[in-house]
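An overview of the molecular structure
The chain contents come next:
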Amino acid sequence: MKLHRILLPVLSAAVALTAGCKKSNPESKTLDGYLVLSVPAYMEAGETKSFQIDTLMNLSCPDDEPIGYYFKDGTTSESDTLVTADGVIRKRDYTFTAPAQVGSASLTLGAFMPAGSLYSAVSATVYTTVVCRGITGGSITGFDKTGPRPFTDWRDGREYYYDLIGDLYWMRQNLAWEESGRAYDGCEVMTDVFGRYYTWEEAQFACPFGWRLPTDAEWTALQDGAEADKDIAGLAGRLMGNLYFNGERMWEYWRDVQITDEFRFSAIPVGYAEVAGAGAEFSGLFSYAAFWTADESDGQGICRYIYQDKDIVFRGRMSKTDFAASVRCVRE
């Protein structure tokens, strides 16, 4: 079974934009070249990124007029001129600081001309999503922290909440061990927000000591009367967490799915990744939650996944090396 491919609105801006020129009057002229600016798609509150203006002065004027450059922080509306209109470099470096409040933030690089010039000013704006780490007081809100005291993964000091479901203790958070797997959209800050995405082969060795991947049979055992090796109807809503990311509800409301999180599994729809070499393409955010099992069939790994509008825990067979999903570990 192959997961559906869907296109979703991107939470943060593309990491590079090319500026265009708007003619202010019929006689205006266009500068040569492009403005290119990039920031990470996700940044932690207070995180900084520095730019050297020398590497961003990519425009030229056919009439050899000087060009000025400035940065503008979209959150504070403060502008900083690094190169004056007569081409004098005042500062070579600019540092952008992600605001303390989670949500969208923007940064603009602009170029302007001397007074009286017929050449149009141009600008490029990029966006980032500001996040806070963790499941408590971070970007993920609505998580029920009552229950057993979280355990600490001795490998990196991260804490995980867990709860008893049937005869096993199940993690209530996606594994975030950084020695393997990959962070969402290549932004390491997202490891402590969404957890990491592991291939089946990586997942076999990712759980901390004393914990392991659940088998497909253990997933089936979550629902009374469920058939082995089949999709499990009526289970998804009992596992889905009614949680929010930066204030936005993660699981969209669907009439056929009653989100109760009865089992305190607290699944969040962080999607999955298709791995190609050192890179990965992420899909299904806010629509899918996908988890590896310890089992395999016909050379493929068995995964369990939830889709937003069905109260079903689906069973899928995916590539062991080219597909990456979340990991929830269990212990007796």
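Quick summary incoming for the structure in this document. Bear in mind that the values here come from a model prediction, so they are computed numbers and not experimental data. (Residues numbered from 1 in each chain as written. Predicted model: local features only at pLDDT ≥ 70, side-chain atom pairs only at ≥ 80, totals over all residues. Heavy atoms only, no water.)

This part takes up the overall build of the protein chain. From N to C terminus, the protein chain includes four helices and 25 strands. Projected onto the principal axes, the alpha-carbon positions of the protein chain cover approximately 80 × 40 × 35 Å. Going through the 332 residues of the protein chain one by one, you find that 49% of them count as buried. For the protein chain, the computed accessible surface area is about 15,600 Å², with 48% contributed by carbon and sulfur atoms. The averaged location of the 46 negative side-chain charges in the protein chain is 2 Å from the averaged location of its 31 positive side-chain charges. (Helix = DSSP H or I, 4+ residues; strand = E, 2+ residues; numbered from the N terminus. Buried < 20%, exposed > 50% of the residue type's maximum accessible area, 1.4 Å probe, protein only. Areas by Shrake-Rupley, 256 points an atom, 1.4 Å probe, with all protein chains shown as cover. Lys, Arg positive; Asp, Glu negative; His and termini not counted. Charge placed at Lys NZ, Arg CZ, Asp CG, Glu CD.)

The strand order E3-E9-E8-E5-E6 describes an open sheet built from five strands, whose pairing is mixed. If you trace the sheet from one side to the other, it starts and ends with strand E3 (42-44) and strand E6 (79-83), each paired once. Neighbour-to-neighbour, the strand axes of the sheet open up by a mean angle of 30°, direction not taken into account. (Pairing = 2+ DSSP bridges. Axes fitted to C-alpha atoms, helices over the stretch in contact; angles between N-to-C directions.)

This paragraph deals with the environment of Ser50. Relative to the elements of secondary structure, Ser50 occurs in strand E4 (residues 48-52). The residues touching Ser50, leaving out its near neighbours within four places in the chain, are Tyr94 and Thr95. (Contact = heavy atoms within 4.5 Å.)

The next point concerns unusual backbone geometry. Notably, Ser77 is not glycine yet its phi reads approximately 65°, a positive angle. By the secondary structure assignment, Ser77 is in the loop between strand E5 (68-73) and E6. Of note in this structure, Arg264 is not a glycine but carries a positive phi near 60°. Looking at the secondary structure, you find Arg264 in the loop between strand E18 (248-249) and strand E19 (272-276).

Below, the discussion takes up the sheet that holds strand E17 (residues 244-245). With antiparallel pairing, three strands are arranged side by side in an open sheet as E10-E17-E18. Single-partner strands in this sheet number two, and they are strand E10 (140-141) and E18. Sheet analysis places E17 next to E18, joined by two bridges and oriented antiparallel. Bridging from a neighbouring strand, Tyr244 pairs with Arg249 of E18.

Turning our eyes to something else, we now look at the pairing of strand E13 (residues 162-165). With four bridges joining them, E13 and strand E14 (residues 168-171) adopt antiparallel strand pairing. From the neighbouring strand, Tyr162 faces E14, where its bridge partner is Met171. Following E13, the chain reverses through two residues before pairing antiparallel with E14; Gly166 in that reversal takes a positive phi of roughly 65°.

On their own, these measurements won't tell you what the molecule is for.
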